[in-house]
Amino acid sequence: MALRLISTTALLVLAAAAMLWAAENSVAPGHPTAPADAAPADPAPADPAPAAPAPAAPAPADEEPPELDPLGMNGACYVCHIPFVKEELAKTHLAEGISCAKCHGLSDKHANDEDVGATKPDITFRREQVDASCQKCHTTHDAPATKVLARFAERKLSLQTEAICTDCHGQHRIDHSAEE
């Protein structure tokens, strides 16, 4: 069994992100990592009474799903692809529990390649393949034509090229212009 190592840079970035996340989240008083001046936790009662289960309240339908920890499912991807943390398509899918790996495969060789960009992800998409990939999960499109045209005008897209999903739904692509 081959042992796969993650690059030193990736480990440092993940460690720094984890420390930032931990610093932003409070620690319960009395916990070994709590500040010395924090109040100690209340001691547990000697003979606790069994707690009655709390009734489950249904979540309001108009509430947005909670924001997920960006170091979670896509953490290994965000080490190098940090702009996707705030990219529309990636955020929408992550909020629904869909990771990068769902579309791009596990891509462990890509994630562990220290020669950035030398190893492609397991699955990539050429422009003409995007719609077929999206349609595996998204079988319908119910936006009115006026909304589609407004989005085209907003993004200054050409009507000369056939539209694909990512023309309107996110700029989900790697920008290679900096390399040229």
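### What about the overall build of the protein?
The number of helices and strands found in the protein is eight helices and zero strands. For the protein, the α and β elements follow one another from N to C terminus as α-α-α-α-α-α-α-α. The contacts of the protein with a sequence gap of at least 6 include a subset with a gap of at least 24, amounting to 51%. Put simply, the protein shows about 14,500 Å² of open surface, and 60% of that area lies on carbon and sulfur atoms.

### Brief notes about unusual backbone geometry
Unlike most non-glycine residues, Ser-107 shows phi in positive territory, near 55°. You can see Ser-107 is positioned in the loop between helix 4 (100–104) and helix 5 (108–111). Judged by relative accessible area, which is 5%, Ser-107 ranks as buried. Unusually for a residue other than glycine, Lys-156 sits at a positive phi of about 55°. One can find Lys-156 in the loop between helix 7 (145–154) and helix 8 (165–168).

### Some words on the confidence of the model for the protein
For the protein, per-residue confidence averages 73 on the pLDDT scale, and 58% of positions sit at 70 or higher. Confidence, expressed as mean pLDDT per element, reaches its minimum in the protein at helix 1 (residues 8–24) with 56 and its maximum at helix 4 with 94. Per-residue pLDDT stays below 50 along residues 1–5; that stretch engages in four contacts with residues further than four places along the chain or on separate chains.

### Things to note about the layout of surface pockets
Where empty space is left in the structure can be found by rolling a water-sized probe over the atoms. Taken as a whole, the second largest pocket holds about 740 Å³ of empty space. What lines the second largest pocket is a set of 23 residues, and nearest its centre among them are Thr-140, His-141, Cys-165, Cys-168 and His-169. Put simply, the parts of the chain that give the lining of the second largest pocket at least two residues each are helix 3 (88–95), helix 6 (130–134), helix 7 and helix 8. The element contributing the most residues to the lining of the second largest pocket is helix 7, with five residues. Taken together, the residues of the lining of the second largest pocket break down into nine nonpolar, eight polar and six charged.

### Brief notes about the environment of Leu-149
Along the chain, Leu-149 falls in helix 7. As a C-alpha pair, Leu-149 and Leu-159 span 10 residues in sequence and 9.4 Å in three-dimensional space.

### Quick word on the environment of Val-148
Mapped onto the fold, Val-148 is located in helix 7. Look past the residues within four positions of Val-148 in its chain and what remains in contact with it is His-141 and Ala-143.

### Notes on helix 7
Counting buried positions over the 10 residues of helix 7 gives one, only a small fraction of the element. Of the residues trailing helix 7, Lys-156 is marked for its positive phi of about 55°.

### As for the state of the cysteines
On inspection of all chains with the given rule, the structure shows zero disulfides. Free cysteine: Cys-103, not disulfide-bonded; nearest cysteine sulfur from Cys-137 at 6.5 Å.

### Side note on the pattern of salt bridges
All chains considered together, the criterion is met by five salt bridges. For Arg-126, the salt bridge goes to Glu-128, with nearest N and O atoms at 2.8 Å. Judged by its relative accessible area of 59%, Glu-128 is exposed. Between Arg-127 and Asp-167 there is a salt bridge, and its shortest N-O distance comes to 2.8 Å. You can see Arg-127 sitting in the loop between helix 5 and helix 6 and its partner Asp-167 sitting in helix 8, a full 40 residues away along the chain.

What counts and what doesn't
- Residues numbered from 1 in each chain as written.
- Predicted model: local features only at pLDDT ≥ 70, side-chain atom pairs only at ≥ 80, totals over all residues.
- Heavy atoms only, no water.
- Helix = DSSP H or I, 4+ residues; strand = E, 2+ residues; numbered from the N terminus.
- Contact = heavy atoms within 4.5 Å.
- Areas by Shrake-Rupley, 256 points an atom, 1.4 Å probe, with all protein chains shown as cover.
- Buried < 20%, exposed > 50% of the residue type's maximum accessible area, 1.4 Å probe, protein only.
- pLDDT = per-residue confidence, 0-100.
- 1 Å grid on protein atoms, 1.4 Å probe; cavity = no way out; pocket = protein on both sides within 12 Å on 5 of 7 lines; lining within 4 Å.
- Points joined across faces, edges and corners; volume = space filled by probe spheres on them.
- Nonpolar A, V, L, I, M, F, W, Y, C, P; charged D, E, K, R; others polar.
- Disulfide = S-S within 2.5 Å.
- Salt bridge = Lys/Arg side-chain N within 4 Å of Asp/Glu carboxyl O.

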